[in-house]
Amino acid sequence: MPTAVNGRLIVVSSRDAGFNLTHRHILTAAGYSTDLALGLDDFASITGERSVEAILLDAPNAAAAGLCRGLKQDTSTRSAAIVALLRAKAAVALPALVRAGADEVFVCPVEPQRYLDAIKHYLTSSNDTKTHPVLHYGSLEIDVHSHRASWRGDPFHLGLLEFRLLETLIEGTDKVHTRGELIQQVWPSGIFVDTRTVNVHVARLRKALLATTGHDWIRTVRGVGYGLAPLALSLDHPSDSNQITNFRLEA
């Protein structure tokens, strides 16, 4: 199999030899460097030598969500985009993968170009160099260039799609964004995204902000879409939110 040793590293994670050979060949032909990982221990060995840019995860069943969650909790892999290829027989596991941190989930069979476009989108997003890369809303701050989010100066983790959602909401603080508009702004072009998928990722963003700040920053307008809650007089946090300690993953 050809090797692209100088390309950005994409790790293929599967215990299926056929899956590994096929998709590593596709990624190498696209100009990426590839490696193989069967579990978290393998990822630890890989990240000790190189930075993992993205992960192509074989998801034959719901158990793949556990590995996905572990990757997002590990500081050496949490910033890597996770693109999961979910077997059709396990399609009901899609929400579990999203909640576990998968940035994109495709139900197989899928054209390789679709996940290649998704990977390219995430890698491009992580290197985005906008004219004004630092955005603020209250004491929330996101650095678009370095893909970092912080609350009152303390950094916290957001998945790639959640980061892009927050960026879009902050850039348009004076409006309510429809789900269709969010799909156009956040997801790669040419990829079908169900509106329910938007709900799931907004819920993940809401949960991350609640856990970090104790406030609900997301305003849901039924039948329309999502926006940011107005700020309190202190211009620090939302005016219509109290300290919250119990919440569920719902949009």
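Predicted model only: the values in this text are computed from it and were never measured.

**Describing helix α8 (residues 195-213)**
Look at α8: 27 Å from first C-alpha to last across 19 residues, which is about the 27 Å you get at 1.5 Å a residue. For α8, the N-terminal cap is D194; the gap from its side-chain oxygen to the backbone nitrogen of R196 is 2.7 Å. Directly beyond the C-terminal end of α8, a positive phi value near 80° is found at G214.

**What about the nonpolar core?**
Counting 51 residues, the largest nonpolar core has L27, Y115 and I119 as the members making the most contacts within it. Aside from chain neighbours lying at most four places away, what touches I119 is I10, L27, Y32, A54 and V83. Counting 25 residues, the second-largest nonpolar core is a separate cluster that includes A80, L86, A90 and A93.

**Let's talk about the packing of helix α6 (residues 160-171) against α8**
It is at 9 Å that the axes of α6 and α8 come closest, and there the two elements cross at 85°. Taken together, the axes of α6 and α8 are roughly perpendicular relative to one another. Of α8, the residues touching α6 (which contributes L161, E162, L165, L166 and L169) are H201, V202, R204, L205 and L209. When the residues that make up the contact of α6 with α8 are grouped by side-chain class, the tally is seven nonpolar, one polar and two charged.

**What about unusual backbone geometry?**
One can expect most non-glycine residues to show negative phi and most peptide bonds to be in trans. Look at the link from C108 to P109: it is a cis peptide, with omega at 0°. Within the secondary structure layout, P109 lies in the loop between β5 (104-107) and α5 (112-126). Non-glycine residue R152 carries a positive phi angle of around 50°.

**Comments concerning the pairing of strand β8 (residues 148-151)**
Examined bridge by bridge, strand β7 (residues 140-143) and β8 share four bridges and lie antiparallel to one another. Pairing of D143 across the sheet is with R148, part of β8. Judged from the three bridges that link them, β8 and strand β9 (residues 154-156) form a sheet pairing that is antiparallel. Bridge pairing links S150 to P155 in β9. Hairpin connection from β8 to β9: two residues lie between these consecutive antiparallel strands, with R152 at a positive phi of about 50°.

About the criteria used
- Residues numbered from 1 in each chain as written.
- Predicted model: local features only at pLDDT ≥ 70, side-chain atom pairs only at ≥ 80, totals over all residues.
- Heavy atoms only, no water.
- Helix = DSSP H or I, 4+ residues; strand = E, 2+ residues; numbered from the N terminus.
- Expected span 1.5 Å × (residues − 1).
- Polar contact = N/O pair within 3.5 Å; in protein donor to acceptor, adjacent residues only side chain to side chain.
- Core = buried A, V, L, I, M, F, W, Y, C linked by side-chain atoms within 4.5 Å.
- Buried < 20%, exposed > 50% of the residue type's maximum accessible area, 1.4 Å probe, protein only.
- Contact = heavy atoms within 4.5 Å.
- Axes fitted to C-alpha atoms, helices over the stretch in contact; angles between N-to-C directions.
- Parallel < 35°, antiparallel > 145°, perpendicular 65-115°, else oblique.
- Nonpolar A, V, L, I, M, F, W, Y, C, P; charged D, E, K, R; others polar.
- Pairing = 2+ DSSP bridges.

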